[in-house]
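# Coordinate analysis (summary)
Read off the chains here:
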Amino acid sequence: MSFTFLVFSQLAALALALVGGVFLAFSDFIMRSLSKTSGAGGIEAMQVINREVFRWIFMTLFLGLAALSALLVAYGLMATDGSTRMLLSAAGLAYLLGCFGVTVFFNVPMNETLAKMDLGAAETQVYWVETYLPGWTGWNTFRAIACIISAAFLMGLPLVAQ
């Protein structure tokens, strides 16, 4: 494995850790804080957050890591063997399935449902408390863990490359 590839993989691990840190912050204290606001304050704040997340920095990292993860899996399976193959493939799959896939199939649909809801409606508050907060936060925690695991696999590459 080339030195350039090792440097690149460690930069990817850093990007994974950054994305995982955003998810961790939401699961650790942001969602808990939003749940403690009065009235529809938390709901409105989350609706705004879900619109603002499409700014370029986070989305570039999030989507770029999905493409990179697919490349890691392909490269790992086709061009490497042994521990390097396992680490590259596991890193890519952890992000693709555990972060990107969970986002697409769980978090985004909940965000879209919340976005369409009327802040003043009683069913919005029920959805927020009974479905959104526990469900979204649980899946978000899963995404944070997937990013951390993916980063850890990439951080292990220098150890097996020696």
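Starting afresh in each chain, residues are numbered from 1 along the sequence in its written order. In view of the model being predicted, local features appear only for residues whose pLDDT reaches at least 70, and side-chain atom pairs are presented and counted only at 80 or more, with totals across whole chains, interfaces and linings using the full set of residues. As a rule here, side-chain values cover all heavy atoms of the structure and leave hydrogens and water aside.

### Regarding the layout of surface pockets
Note the following rule: Each cavity reported here is a set of points on a 1 Å grid over the protein atoms alone in which a 1.4 Å probe fits but cannot get out, each pocket an open set with protein on both sides within 12 Å along at least five of seven lines, and each lining residue one with an atom within 4 Å of a point. Grid points are joined across faces, edges and corners, and a volume is the space filled by probe spheres set on the points. Only DSSP runs of H or I covering at least 4 residues are called helices, and only runs of E covering at least 2 are called strands; the numbering of each starts at the N terminus. Gly is put with the polar residues, along with every residue not named as nonpolar or charged; the nonpolar set is Ala, Val, Leu, Ile, Met, Phe, Trp, Tyr, Cys and Pro, and the charged set is Asp, Glu, Lys and Arg.
Volume-wise, the largest pocket comes out at about 530 Å³. Considering the residues around the largest pocket, the lining is formed by 26 residues, among which Asn50, Val53, Phe54, Val108 and Asn111 are closest to the centre. For the lining of the largest pocket, the elements supplying multiple residues, two or more each, are helix H1 (3-35), helix H2 (41-52), helix H3 (56-79), helix H4 (82-115) and helix H5 (122-155). When the residues that make up the lining of the largest pocket are grouped by side-chain class, the tally is 15 nonpolar, six polar and five charged.

### Examining H2
Filter applied, for reference: Expected helix span is taken as 1.5 Å per residue step, with the number of steps being one fewer than the number of residues. Each residue is assigned to one of three classes by its accessible area relative to the maximum for its type, calculated with a 1.4 Å probe on protein chains only: buried under 20%, partly exposed between the two thresholds, exposed over 50%. Our arc is simply the arc of the directions from the helix axis toward the C-beta atoms.
The end-to-end C-alpha separation of H2 is 16 Å, in line with the 16 Å expected for 12 residues at 1.5 Å each. Among the residues of H2, those classed as buried are Gly42, Ile43, Met46, Gln47 and Asn50. Down the axis of H2, the buried set is contained in an arc of 140°. They therefore lie on one face.

### Quick look at the state of the cysteines
As a reminder, the rule being used: Cysteine sulfur atoms are paired as a disulfide whenever they come within 2.5 Å of each other.
Scanning all chains against the criterion turns up zero disulfides. Its sulfur unpaired, cysteine 99 is 3.6 Å from the next cysteine sulfur, which belongs to cysteine 147. Owing to a relative accessible area of 0%, cysteine 99 belongs among the buried residues under this scheme. Its relative accessible area of 0% is what places cysteine 147 among the buried residues.

### Overview of the packing of H1 against H2
Under the convention used in this document: Lines fitted to the C-alpha atoms define the axes, with helices restricted to the stretch that makes contact. Angles between their N-to-C directions range from 0 to 180 degrees. Geometric relationships in this document are graded by angle, where less than 35 degrees denotes roughly parallel, more than 145 denotes roughly antiparallel, 65 to 115 denotes roughly perpendicular, and other angles denote oblique. By definition, residues are in contact when any of their heavy atoms lie within 4.5 Å.
Where H1 meets H2, the axes come as close as 8 Å, and the angle between the chain directions of the two elements is 130°. Considering their axes alone, H1 and H2 lie oblique with respect to each other. Counted together, Phe26, Met31 and Leu34 of H1 and Gly42, Ala45, Met46 and Ile49 of H2 form the full contact between these two elements.

### Here's the deal with the environment of lysine 116
Assignment of secondary structure puts lysine 116 in the loop between H4 and H5. By relative accessible area, lysine 116 is classed as exposed at 74%. The sequence separation of lysine 116 and glutamine 47 amounts to 69 residues, and the corresponding C-alpha distance is 9.2 Å.

### A short note on the nonpolar core
Defined as follows: Nonpolar cores are built from buried Ala, Val, Leu, Ile, Met, Phe, Trp, Tyr and Cys residues. Side-chain atoms within 4.5 Å join them into one set.
In this structure, Phe23, Phe62, Leu65, Tyr95, Cys99, Leu154 and Leu157 are the most contacted members of the largest nonpolar core, which totals 26 residues. For this core, the elements supplying multiple residues, two or more each, are H1, H3, H4 and H5. With eight residues, H1 is the largest single contributor of residues to this core. Among all residues touching leucine 154, those that are not within four sequence positions of it are Ser9, Gln10, Ala12, Ala13, Leu16, Leu72, Leu88 and Ala91. Counting residues in each nonpolar core, the second largest holds 13 residues, with Ile43, Met46, Met110 and Tyr132 among its members.

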